[in-house]
Amino acid sequence: RRPGPRTASLMPDYQIFGGGFRSELKFPELTPASSTRPPRWMLTATDRAGPITGAVAVGREEVEPGIEVTLSQHSAGLRLTFDDTGTFDISADGARIEWAHPAEPDLAAVRKDILGRVLAVCLHQQGVISLHGSAVALSGVAVAFLAPKFHGKSTTAAALVDSGALLMADDIVAISTDNPPVVLPCVPFIQLWKDSASHVAPASVAVPGDEGGAKLQRRWDEAGRNADSPAPLAAVYLLAPVSATAAVGVRRVRLSAVEGALAMLGHAKVGNLLGVERRAELLQLTGDLADRVPVYRLEIPRDFERLPELTAALCGWHPPDGSSPPSDGS
């Protein structure tokens, strides 16, 4: 089933990554778009994937235990195929997505895949770097936090939002290749483990459509908690939790440009899907980014009670007047 012009014109528009997202599938967790400008992305649905010619396998990645996604390139664009949520055909310019759905899709899982890997591939097609992490805006600039699972990316971002920062991104940190590079505002919610939510997001509420997975989807309803416009990227932090009993407190160490580029490549949202040639292109982009934006290793005590130390340090490194703090040996 393919929507005609009238059907497409009635599809809702949402706000994400600084642009409009028009979708035949509803996203209760997203903010409706206020602009009347044409959307940057459009998603339509069909019950059967169309034929493709000249398909070449590019990459494969495990999404969940036993569930994989594959990426292939063909004459008209890219095809993402998930074992559980269906097939997504993406146009060469990354602007159009056609979802061929299974008979009885798990819509929560479908939305998660679209807001994650599908849109990350679309962004890559448009020259935007997508990193797996979280980001906030502090005093008008963005800072990003990258790390593997269970290292505190979302907890750190939520603690800063609770202290007055604006939430910019969770799961995908989308960074333009402009000069200067900017972070594009992503989803207006954050995913937290239950113990983290009670400590760092007491004023947050459940996101509509959250079906109670392993992590909670939380958002802030008060005005001014979510960024609605891009912000210049001031720093990238690679989180390195240390023992709560460690003698040292919060500490950052600046990486070389080469180290920073390789670290960001390792945290690319769809890096494993891109294949050798596309990963080489992405390394060039992260190398250029590391030349222009400092990348730090950030040591943080693994202790909820010491989060104020972390937020105070980050606010001190990115003061309201935009001045550079005194050198801390980093």
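See the structure above.
Residues numbered from 1 in each chain as written. Predicted model: local features only at pLDDT ≥ 70, side-chain atom pairs only at ≥ 80, totals over all residues. Heavy atoms only, no water.

Quick word on the environment of P301
Reasoning step 1: Tracing the backbone shows P301 in strand 19 (residues 295-301).
Reasoning step 2: Sequence spacing of P301 and V118 is 183 residues, and the spatial spacing of their C-alpha atoms is 34 Å.
Reasoning step 3: With sequence-adjacent residues up to four places away left out, P301 is seen in contact with V242, S243, A244, V250 and R306. (Helix = DSSP H or I, 4+ residues; strand = E, 2+ residues; numbered from the N terminus. Contact = heavy atoms within 4.5 Å.)

Examining empty space enclosed by the protein
Reasoning step 1: Following the criterion strictly, the structure yields one cavity of 30 Å³ or more and no others.
Reasoning step 2: Each pocket or cavity is described by its volume, and for the largest cavity that value is around 50 Å³.
Reasoning step 3: Classifying every residue of the lining of the largest cavity by side-chain character gives six nonpolar, three polar and one charged. (1 Å grid on protein atoms, 1.4 Å probe; cavity = no way out; pocket = protein on both sides within 12 Å on 5 of 7 lines; lining within 4 Å. Points joined across faces, edges and corners; volume = space filled by probe spheres on them. Nonpolar A, V, L, I, M, F, W, Y, C, P; charged D, E, K, R; others polar.)

Quick word on the packing of helix 5 (residues 257-266) against helix 6 (residues 275-292)
Reasoning step 1: Contact pair helix 5 / helix 6: the axes reach a minimum separation of 8 Å and the direction vectors enclose 135°. The angle between helix 5 and helix 6 falls in the class oblique. Pair helix 5 / helix 6 crosses with right-handed handedness. In contact with A257, G260, A261, L262, M264 and L265 of helix 5, helix 6 contributes R279, L282, L283, T286, G287, L289, A290 and D291.
Reasoning step 2: Taken together, the residues of the contact of helix 5 with helix 6 break down into nine nonpolar, three polar and two charged. (Axes fitted to C-alpha atoms, helices over the stretch in contact; angles between N-to-C directions. Parallel < 35°, antiparallel > 145°, perpendicular 65-115°, else oblique. Left-handed = near helix turned anticlockwise from the far one by under 90°.)

Focus: helix 6
Reasoning step 1: Between its terminal C-alpha atoms helix 6 stretches 26 Å, which fits the 26 Å expected from 18 residues at 1.5 Å a residue.
Reasoning step 2: Along helix 6, the residues classified as buried are G275, R278, L282, T286, L289 and A290. Seen end-on, helix 6 carries its buried residues on one side only, within an arc spanning 120°. Facing away from the buried side of helix 6 by over 90 degrees, the exposed positions are V276, E277, Q284 and D291. (Expected span 1.5 Å × (residues − 1). Buried < 20%, exposed > 50% of the residue type's maximum accessible area, 1.4 Å probe, protein only. Arc of directions from axis to C-beta.)

Side note on a nonpolar patch on the surface
Reasoning step 1: Among the surface-exposed residues, V258, L262 and L283 lie close enough to one another that they form a single nonpolar patch of about 260 Å² accessible area.
Reasoning step 2: Structurally, L262 is set in helix 5. (Patch = residues over 30% accessible without salt bridge, like charges linked within 9 Å, V, L, I, M, F, W, Y side chains within 5 Å. Areas by Shrake-Rupley, 256 points an atom, 1.4 Å probe, with all protein chains shown as cover. Salt bridge = Lys/Arg side-chain N within 4 Å of Asp/Glu carboxyl O.)

A closer look at the sheet that holds strand 14 (residues 190-192)
Reasoning step 1: Spatially, three strands are ordered 14-16-15 in an open sheet, and the strand pairing comes out antiparallel. Taken across any chain shown, the strands that pair with only one partner, and hence form the sheet edges, are strand 14 and strand 15 (205-206).
Reasoning step 2: Alignment of strand 15 against strand 16 (residues 216-219), held across two bridges, turns out to be antiparallel. Note that in strand 16 the partner of A206 across the bridge is R218. (Pairing = 2+ DSSP bridges.)

Concerning the pairing of strand 2 (residues 19-23)
Reasoning step 1: Burial analysis of strand 2 places five of its five residues in the buried class, the great majority of the element.
Reasoning step 2: Strand direction decides the pairing type here: strand 1 (residues 13-16) and strand 2, joined by four bridges, are antiparallel. The residue bridging Y14 from the neighbouring strand is F21, located in strand 2.
Reasoning step 3: Where strand 1 folds back onto strand 2 in an antiparallel hairpin, the turn is made up of two residues, including F17, whose phi is positive at roughly 50°.

Considering the environment of D288
Reasoning step 1: Residue position: D288 is located in helix 6.
Reasoning step 2: Along the backbone, D288 and T177 are 111 residues apart, and their C-alpha atoms lie at a distance of 8.5 Å.

Digging into the environment of R279
Reasoning step 1: Among the structural elements, R279 can be located in helix 6.
Reasoning step 2: The spatial distance from the C-alpha of R279 to the C-alpha of R306 is 38 Å, given a sequence separation of 27 residues.

Remarks on helix 2 (residues 107-125)
For an α-helix, 3.6 residues make a turn, and residues three or four places apart therefore share a direction.
Reasoning step 1: Spanning 19 residues, helix 2 covers 25 Å between terminal C-alpha atoms, matching the ideal 27 Å at 1.5 Å per step.
Reasoning step 2: The sharpest bend along helix 2 reaches about 40° and sits at I114.
Reasoning step 3: The buried fraction of helix 2 is high, at 14 of 19 residues.
Reasoning step 4: The N-capping residue of helix 2, defined by a side-chain oxygen 3.2 Å from the backbone nitrogen of A108, is D106.
Reasoning step 5: Taken from the residues just after helix 2, G127 is the one with a positive phi, measuring 80°. (Bend = angle between axes of the 7 residues up to and from the residue. Polar contact = N/O pair within 3.5 Å; in protein donor to acceptor, adjacent residues only side chain to side chain.)

Looking at the nonpolar core
Reasoning step 1: By size, the foremost hydrophobic cluster in this structure holds 69 residues, and its most contacted members are I16, F17, L80, F88, I114 and L119.
Reasoning step 2: The biggest single contributor to this core is helix 2, with nine residues.
Reasoning step 3: Excluding residues that lie within four positions of it along the chain, I16 makes contacts with F21, L30, W41, L115, L119, P185, C186 and V187.
Reasoning step 4: Counting residues in each nonpolar core, the second largest holds 30 residues, with A158, I190, A235 and L298 among its members. (Core = buried A, V, L, I, M, F, W, Y, C linked by side-chain atoms within 4.5 Å.)

This is a description of form; function is not addressed.
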